[in-house]
Amino acid sequence: MSDLSATVADLIAVLENHKNPEKALQMSAYMKYQFPFLGLQNQERKKLSKAFIQEIKKGCPSPPFEILNILWELPEREYQYIAMDLLDKYLQDLTLNDISSVIRFIIHKSWWDSVDLLASHAVGTILSSYPAQQEQYVQSWTTAENIWLSRTALLFQLSYKENTNWPLLQHTCLSLKDSEEFFIQKAIGWGLRQYSKVNAEAVVQFTENHKWKPLSKREGQKWLIKAGYL
């Protein structure tokens, strides 16, 4: 057994010793039975995995995709959460060469809980350093006919604020505005709502000048209405 595998085995032993079958069923139900759970709430999971993450961070100077892949393949959802907690420790070390590895996590075991965090953290961090590459990736994601890649295209700029590529966000929203997918309609609204806090007038004009699905418009204008712009 490799050192990395042994380290993961130690983590599994710790988490298995604290699993809660009753909570596991509740957590799985909340996630529409997409995944099995151990039944560990966020605070407990973070506490139990803290030493593991510290050990990996100390021993791996670069993003440890070998161990992230091992965690991602484990059945219980908590291991994907730990993988994302670990990846967040390496955000500033990620480069464009790593984006395909992150995208693999987005399209494998996909659900909003993983996609939203990966899109706004890892993908967002990478593409913030490569603005000239943003349009290329967004184009490929929105034409891939994968709702999670399309959602990533809409959400990767969530933390960009005044650095948001507004023309690109507009183009992405317009290209997806007729989607019947709940997760796309919601993401359109979320992306627009975030940018409305930076450039309210632009989002007012944009949302009023195009026809949107009701959910997208409602979510996109939520902050504008609260702030008195509409």
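To be clear, the structure that these remarks concern was listed above.
Every chain's residues receive numbers from 1 upward, in the order its sequence appears when written. Restriction of local features to residues with pLDDT of at least 70 applies here, the model being predicted, together with a cutoff of 80 or more for giving and counting side-chain atom pairs; totals for whole chains, interfaces and linings are based on all residues. Excluded from the side-chain calculations are hydrogens and water; all other atoms, namely the structure's heavy atoms, are used.

Undergrad: Before we move on, could you go through the side chain of S114 and cite the residues and values that matter?
TA: Note on conventions: DSSP H or I runs of at least 4 residues are helices, E runs of at least 2 residues are strands, and numbering of each starts at the N terminus. Tracing the backbone through its elements, the reader meets S114 in helix α7 (residues 112-128). Burial classes: relative accessible area under 20% of the type maximum marks a residue as buried, over 50% as exposed, and values in between as partly exposed (1.4 Å probe, protein chains only). Residue classification places S114 among the buried residues on the basis of a relative accessible area of 0%. Contacts were defined at the residue level, with two residues in contact if any of their heavy atoms lie within 4.5 Å. Ignoring any residue separated from it by four or fewer positions in sequence, one finds S114 in contact with W72, R77, M84 and K109.

Undergrad: Hey, could you go over the packing of aromatic side chains for me, with residue numbers and the actual values?
TA: Any pair of aromatic rings gets described here by the distance separating the centres and the angle formed by the planes. Under the pairing criterion, centres of Phe, Tyr and Trp rings, with the six-membered ring standing for Trp, must be within 6.5 Å; the plane angle then separates stacked pairs below 30 degrees from edge-to-face pairs above 60, leaving the rest tilted. Under the criterion given, the structure shown has 15 aromatic pairs. Between W111 and F183 the ring centres are 5.3 Å apart and the planes differ by 70°, which places this aromatic pair in the edge-to-face class. With W111 in the loop between α6 (99-107) and α7 and F183 in helix α11 (residues 182-196), the pair connects residues that are 72 residues apart, well separated along the chain. The pair formed by W111 and F183 is uniform in burial state, with each residue classed as buried. The interplanar angle of 40° and the centroid separation of 5.7 Å between the aromatic rings of Y137 and W141 together place this pair among those described as tilted. One end of the pair is Y137 and the other is W141, both in helix α8 (residues 134-142) and 4 residues apart, which spans about a single turn. An identical accessibility class is assigned to Y137 and W141; each is buried. An aromatic cluster is defined as three or more aromatic residues linked by ring pairs; in this entry it consists of W111, W148, F182 and F183. Ring-over charges, as used throughout, are those where CZ of Arg or NZ of Lys falls within 6 Å of the ring centre and within 35 degrees of the ring normal. The positively charged end of K57 is found above the aromatic ring belonging to Y90, 4.8 Å away from the centroid. Over the ring of F35 we find R77; its NZ or CZ atom is 3.7 Å from the centre of that ring.

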